[in-house]
Amino acid sequence: MQYTEETVKTLSSCFLQTLAPNPEPRKQAESFLKQVADQPGYGITILRLLSDPLVDAQVRQGAAVNFKNHVKYRWATPLDPDFPPALNPIQDPEKEQIKGLIVTLMLSTPPKIQSQLSEALSIMSQHDFPSKWQTLLPELVVSLRSATDYNIINGILQTSNSIFKRFRYQYKSNELFTDLKYCLDGFAAPLLEIFLKTGQVIGSSSENPAILKPALECQRLSCRIFYSLNFQELPEFFENHMAEWMGEFHKYLIYTNPHVQETDPEKTSVIDELKAAICENINLYMEKNEEEFQGYLGQFATDVWSLLMSVSISTSQDWLATTAIKFLTTVSKSVHHKLFSDPATLKQISESIVIPNVRIRDEDEELFEMNHVEYIRRDVEGSDMDTRRRIACELVKGLSTHYREQVTSMFSGYLQNMIQEYAANPAQNWKAKDCALYLIVTLAPRQASLGATGTDLVNIEQFFDSQIVPELRVQDVNSNAVLKADALKFFTTFRSQIRKQLTLELMPQLIGFLVAESNVVHSYAALCIEKLLALKDGKQLRYTAADLAPFLQPLLTNLFSALKLPESQENSYIMRCIMRVLSIADAGPFAPQCLAELTGILAEVCKNPSNPSFNHYLFEAVAALVKKACERDPEQVTVFENMLLPVFQSVLEQDVTEFAPYVFQIMAQLIESRMPPLPPNYIAFFPPLLTPILWQRQANVPGLVRLLQAYLQKAPQEINQGNQLPQVLGVFEKLVASKNTDHQGFFILNTVIENVSFEVLSPYMGQIWTILFSRLQYRSTGKFIKSLIIFASLFVVKHGPSKVIDTVNSVQPNLFLSILDNVWSPNLSSITGETEIKLCAVAASMLFTPLLEGSATPYCVKLLNSVVTLLVKPEEERVDEEQDVPDLDEVVGYTAVYAQLHNSSKAEDDPLKDVKDPKEFLAKTLGGVSSQQPGKLPSIIQGLEPSNQTALGHLCSTFRISIV
């Protein structure tokens, strides 16, 4: 593409149309730009257009965004695993042109365009820097040293910061340290120069915010780069110049200037951002370079302490507060904890830093009411690690590391005072109780998980009885919603310590909270009930179906009612609770009503699947209902099918890809719950399942395999009569060819072996063995070999050893002994799983008689050695587990994820139910061989490993069988 007047005019029109409110011209413009983006030179043309000051500002801004996205999706090469298919990459000559222009253009364009170009440059550097872009760093350094305008300086530092961030997160490697050294050699000195130089500018411009703010932003960016370059280890340059850096850090931590404070209380000032960045830097040094940093520690501890004394509770200072508290927490856990040893110091930290930051703020209340999803995410899902409340509690834990008794005594007193304050005036002082409950729940989970009767702070049972139970028994479920949520969270956290009888007494109250107006309250009620029902004493559930029975009707009614409350139509906590209730309770009488509710919800979410966790629990709930109702009463299957199949058909017809794997699993459940023969509608549905396009989606494969297995178990004759077995084996062949899906292919093959007669299967066995041995020869893996041994073993126990030997040898004479000697025997001892071990041991035992009859005695030594090892040695001594590397070329690009439904899991089928002990089976088999073919076993036993000789002798004596 050439940069001509006509090109500029066309592209400018398109960029303007992409901003149009009317969707039709916008889509046309986007489609045109997507097409022309494939042309060579497109990227350089857009770059020139957005840099032209004569072009309309909106066009230039649109071009900048387009260029960034162009680079994002096309800079990588097709060999990269994240390269999108069906896109033409930017060619190397054009890349070099772009590299030659982008830095200069970035530094000469307006801020909004500059930010887009900076992002584009960062993306390019991820692929090419430094090995394929040796000019970038020198060009940035030259520009940094020569620039005087802080807009340009900050643009350079912003870009450099984006480039160097990789050093924070990548694993240590020789390549990483080589790149890091290159960056340090080129950038460490210029960074210190600009940091010190800017410090002088700030010192001489104390009353000019126009100069101060960009200069302070420069220092903040320099501190972020400092963090990146020091993250892996302490570089020599920074160690040599530590005094200069630390001196400047100290200066800014105590720096105050009213001219740079923000007038907007919700906006963080640049000086607070700089101080927060410095706190992160000194915390990094405290964590990783404690010895070199210790000379500066006392000064910084004082600085941070003083800083926290002046920090307000405004949200604009949240980041500063959390980073500062985090530094004190790190110090409190270190060998320098004596800085906090004075009881007065501990008291001041607790009263001036911890408690003020734990108390609920107006902003937290607003979040509770207006954004319940974010509130819950922070409060119970652990995403609040950087909130003031949580980080203040982490400081308490840090202080407790070395001063446990003092801290515990102090906070026990604070908790009593808070409860007394609340009791004096509950309506006015409810925040005191909220603070107390938050402290107990956050500081005590470790003891709670151990099931102790109390914590160091309070006796849980007594506190629950006196402070939580009254809150739960208040008749108005909508009064003081925050404390209700706190009480439910407390109950959930310490559920294992609450007496079963008391919990059952409180169940009506918990059920009542499910329809509270507050989204947080009814979500916490659902979470509490769900966690209680999942609670186990040993291996047994504490709460059974019998315990739930008296509450089941109101519980289900309120759960489904809660899903109709505003903003809770797709509430994951409620749906998860429904799933748990249905998986435990005997919901038989309520099954039709529950199913009607669930199918109605399913039909609705099919229109726009947007909440993956809700959708998963929805299908889990359906699967639980099928499992409980249909597997106990097969007559219910028809009722379920009448309600579910129309919705499932809609899912498949509308190609709702997220739901298809779930549909296949539940259909398999329904089929498995039926008695043969299957009705015509199921038989008619079978041929479409073999359509190749369904199997091309990775996420579909496990569910489709499960469904195919169900058909093979319940309708093998119909499949054979419909001449569909070749297509089934075609699916097996496709799956077994890939390292990612070969185990799924074996699932199909094993089910065929178990359910299809040998007479029907015999014509295909030569082809099956050929496919398997071809894969074994050219692309063998440990997983494939184990699957092959299990399949062959299943074949032996189902159809007899002679048929296995004959069908393998039909591929090539004497091939069976070769496979036995080189594959089967050497890898038999690597089999894992109780059922699999029994199957393989019994099959191997069954092979001894035909092998000895066929004068294959030498092969029996190795086989018997492996069988004994399999049966007597623990798994850790005989299995060297190596993870097979997946075929990345088969999973490139976006693929939906397969989600296994727990309530739809396939029951493990034991093909040898009559064999109780494989060791006894081996002993009896060898005893039979000894009596039928005397004299052959002693020579075989002599060839075993000494330890296996001993083990075999002990095994046979245990079952009183003589093999001599």
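Residues numbered from 1 in each chain as written. Predicted model: local features only at pLDDT ≥ 70, side-chain atom pairs only at ≥ 80, totals over all residues. Heavy atoms only, no water.

## Brief notes about the overall build of the protein chain
Note the cut-off: Comment: elements are numbered from the N terminus, with helices defined as DSSP H or I runs of at least four residues and strands as E runs of at least two. When accessible area is computed with a 1.4 Å probe and restricted to protein chains, residues below 20% of their type maximum are described as buried, those above 50% as exposed, and intermediate ones as partly exposed. By definition, residues are in contact when any of their heavy atoms lie within 4.5 Å. Note on areas: these come from Shrake-Rupley sampling with a 1.4 Å probe, and a residue is covered only by the protein chains present in the view. Under this rule, positive means Lys or Arg and negative means Asp or Glu; His and the chain ends count for nothing. Note that the charge is assigned to NZ on lysines, CZ on arginines, CG on aspartates and CD on glutamates.
When helices and strands are tallied, the protein chain shows 49 helices and two strands. Seen along its three principal axes, the alpha-carbon backbone of the protein chain occupies a region of about 105 × 80 × 65 Å. Within the protein chain, the fraction of its 964 residues that count as buried is 54%. Restricting to contacts in the protein chain with at least 6 residues of sequence separation, those with at least 24 account for 74%. Carbon and sulfur atoms form 52% of the exposed surface of the protein chain, whose accessible area is close to 43000 Å². Taking the 83 positively charged and 108 negatively charged side chains of the protein chain as two groups, their mean positions are separated by 2 Å.

## Here's the deal with the packing of aromatic side chains
Note the following rule: Geometry of aromatic contacts follows a simple scheme: Phe, Tyr and Trp rings, the Trp one being its six-membered ring, pair when their centres are within 6.5 Å, and the pair is stacked under 30 degrees between planes, edge-to-face over 60, tilted otherwise. Only Lys NZ and Arg CZ are tested; either one counts as a charge over a ring when it is within 6 Å of the ring centre and within 35 degrees of the ring normal.
Under the criterion given, the structure shown has 35 aromatic pairs. Over the face of the ring belonging to Phe 231 we find Lys 288, whose NZ or CZ atom lies 3.7 Å from the ring centre. The ring of Phe 758 has Lys 803 sitting right over it, with the charged end atom 5.3 Å from the ring centre.

## So, the packing of helix H29 (residues 572–584) against helix H31 (residues 612–630)
Where we set the bar: Between the N-to-C directions of two axes lies an angle of 0 to 180 degrees, each axis being a line fitted to C-alpha atoms and, for a helix, fitted only over the stretch in contact. Note on terminology: angles under 35 degrees are roughly parallel, angles over 145 are roughly antiparallel, angles of 65 to 115 are roughly perpendicular, and the others are oblique. By definition, any crossing whose near helix is turned counterclockwise from its far helix by less than a right angle is left-handed, and any crossing with a clockwise turn is right-handed. Amino acids are sorted into nonpolar (Ala, Val, Leu, Ile, Met, Phe, Trp, Tyr, Cys and Pro), charged (Asp, Glu, Lys and Arg) and polar (every other residue, Gly among them).
At their nearest, the axes of H29 and H31 sit 8 Å apart, and the two run at 15° to each other. On the basis of the axis angle, H29 is roughly parallel to H31. As for how H29 packs across H31, the hand of that crossing is left-handed. For the pair H29 and H31, the contacting residues are Ser 572, Met 575, Arg 576, Ile 578, Met 579, Leu 582, Ser 583 and Ile 584 in the first and Ser 613, Phe 614, Tyr 617, Leu 618, Glu 620, Ala 621, Ala 624, Leu 625 and Lys 628 in the second. Each residue belonging to the contact of H29 with H31 can be placed in one class, and the counts come to 11 nonpolar, three polar and three charged.

## A word on a negative patch on the surface
Counted only if it meets this: Patches here are clusters of residues that have more than 30% relative accessible area and form no salt bridge, with a 9 Å joining cutoff for like charges and a 5 Å cutoff for nonpolar side chains (Val, Leu, Ile, Met, Phe, Trp, Tyr). In the sections that follow, a salt bridge refers to a side-chain nitrogen of Lys or Arg positioned within 4 Å of a carboxyl oxygen of Asp or Glu.
Together, Asp 264, Glu 266, Glu 363, Glu 366 and Glu 369 line one region of the surface with negative charge. Along the chain, Asp 264 turns up in the loop between helix H13 (242–253) and helix H14 (270–288).

## What about the pattern of salt bridges?
Counting across every chain of the model gives 44 salt bridges. Salt-bridge contacts for Lys 99 lead to Glu 96; the nearest nitrogen and oxygen are separated by 3.3 Å. Remark: Glu 96 and Lys 99 occur in helix H5 (residues 92–108); sequence separation between them is three residues, near one turn of the helix. Its salt-bridge partner being Arg 674, residue Glu 641 comes within 2.8 Å of it at the nearest N-O pair. On the criterion of sequence distance, the pair formed by Glu 641 in helix H32 (residues 636–653) and Arg 674 in the loop between helix H33 (660–673) and helix H34 (680–689) is long-range, its members being 33 residues apart. Judged on exposure class, the residue Glu 641 and its partner Arg 674 are both buried. Each member of the salt-bridge network shares a partner with another, and the members are Asp 318, Arg 361, Asp 364 and Arg 388.

## Considerations on helix H15 (residues 290–310)
Cut-off, in case you're wondering: Two axes enter the definition of the bend at a residue: one is fitted to the seven residues ending there, the other to the seven starting there, and the bend is the angle between them.
At Tyr 296, H15 is deflected by roughly 60°, the largest bend along its length. Within H15 the residues assigned to the buried category are Phe 293, Leu 297, Phe 300, Ala 301, Asp 303, Val 304, Trp 305, Leu 307 and Leu 308. Residues of H15 that are buried sit in contact with H13, H14, helix H16 (318–333) and helix H17 (343–358).

## Section: the packing of helix H41 (residues 782–799) against helix H43 (residues 815–827)
Following both chains from N to C, one finds H41 and H43 inclined at 95°, their axes separated by 10 Å at the closest point. Relative to H43, H41 is oriented roughly perpendicular. Contact with H41, carried on its side by Ile 785, Leu 788, Ile 789, Ala 792, Ser 793 and Val 796, involves Val 823, Trp 824 and Asn 827 of H43 and no other residues of that element.

## Focus: H5
To be explicit about the condition: Expected helix span is given by 1.5 Å per residue-to-residue step, counting one fewer step than there are residues.
Here H5 is 17 residues long and its end C-alpha atoms lie 25 Å apart, about the 24 Å a rise of 1.5 Å per residue gives. Most pronounced at Ile 102, the bend in H5 amounts to some 35°. Where H5 is buried, its residues touch helix H3 (42–51), helix H4 (57–74), helix H6 (111–128), helix H7 (136–146) and helix H8 (150–164).

## A look at empty space enclosed by the protein
Formally: Put simply, the grid is 1 Å and covers the protein atoms alone, a cavity is a trapped set of points that fit a 1.4 Å probe, a pocket is an open set with protein on both sides within 12 Å along at least five of seven lines, and lining residues have an atom within 4 Å of a point. Grid points are joined across faces, edges and corners, and a volume is the space filled by probe spheres set on the points.
Per the counting criterion, the structure on display carries three cavities of 30 Å³ or more. The volume enclosed by the largest cavity comes to roughly 70 Å³. The wall of the largest cavity is formed by Trp 769, Phe 773, Leu 788, Ile 789, Ala 792, Val 804, Val 808, Phe 816, Ile 819, Val 823 and Trp 824. Contributions of two or more residues to the lining of the largest cavity are made by helix H40 (758–778), H41, helix H42 (801–811) and H43. Sort the elements by how many residues they give to the lining of the largest cavity and H43 lands first, with four residues. Taken together, the residues of the lining of the largest cavity break down into 11 nonpolar, no polar and no charged.

## Describing the nonpolar core
What tends to happen in soluble globular proteins is that the nonpolar side chains get buried as a cluster. What counts here: Nonpolar cores were defined as sets of buried Ala, Val, Leu, Ile, Met, Phe, Trp, Tyr and Cys residues, with membership established by side-chain atoms within 4.5 Å.
Counting 341 residues, the largest nonpolar core has Ile 748, Trp 769, Leu 772 and Phe 791 as its most contacted members. Of the residues forming this core, the biggest block, 15 residues, is contributed by helix H20 (residues 388–424). Residues within four places of Trp 769 in sequence aside, it is in contact with Leu 788, Phe 791, Ala 792, Phe 795, Val 804, Thr 807, Val 808 and Val 811.

## Some thoughts on the side chain of Asp 364
Tracing the backbone shows Asp 364 in helix H18 (residues 362–370). Note on Asp 364: relative accessible area 11%, which makes it buried. In this view, Asp 364 contacts Arg 359 and Tyr 375; residues no more than four positions away in its chain are not counted.

## A word on the environment of Gly 766
Along the polypeptide, Gly 766 turns up in helix H40. Relative accessible area serves as the criterion here: at 26%, Gly 766 is assigned to the partly exposed category. Taking the C-alpha atoms as reference, Gly 766 lies 10.0 Å from Asp 806; in sequence the two are 40 residues apart.

## Things to note about the confidence of the model for the protein chain
Keep this limit in mind: For every residue, the predictor assigns a confidence score, pLDDT, that lies between 0 and 100.
On average, residues of the protein chain carry a pLDDT of 90, and 95% of them reach 70 or more. When the criterion is pLDDT under 50, residues 447–454 qualifies, and its contacts beyond four places in sequence or with other chains add up to 20 contacts. Predicted confidence is poor over residues 882–896, with pLDDT under 50, and the contacts of this stretch with residues over four places away or in other chains come to 20 contacts.

## Considering the environment of Asp 303
Assignment of secondary structure puts Asp 303 in helix H15. C-alpha separation for the pair Asp 303 and His 250, spaced 53 residues apart in sequence, amounts to 7.3 Å. Once residues within four sequence positions are removed from consideration, Asp 303 is found in contact with His 250, Leu 253 and Ile 254.

## Some details on the side chain of Arg 220
Looking at the secondary structure, you find Arg 220 in helix H11 (residues 209–230). What Arg 220 contacts, discounting residues up to four positions off in sequence, is Gln 158, Glu 273, Leu 274 and Ala 277.

## Describing the state of the cysteines
Filter applied, for reference: Whenever a pair of cysteine sulfur atoms sits within 2.5 Å, that pair is classed as a disulfide.
By the definition in use, this model includes zero disulfides. Its sulfur unpaired, Cys 840 is 17 Å from the next cysteine sulfur, which belongs to Cys 860. When its relative accessible area of 0% is taken as the criterion, Cys 840 is described as buried.

## Details of unusual backbone geometry
With an omega of 0°, the peptide bond between Phe 129 and Pro 130 qualifies as cis. One can find Pro 130 in the loop between H6 and H7. The linkage connecting Pro 676 with the following residue, Pro 677, adopts the cis geometry, with an omega of 0°. With respect to the secondary-structure elements, Pro 677 resides in the loop between H33 and H34.

## Describing the environment of Arg 576
Summarising the element assignment, Arg 576 is placed in helix H29. The spacing of Arg 576 and Ala 120 is 456 residues in sequence and 42 Å in space, taken between C-alpha atoms. Setting aside residues up to four positions removed in sequence, Arg 576 forms contacts with Glu 530, Lys 531 and Tyr 617.

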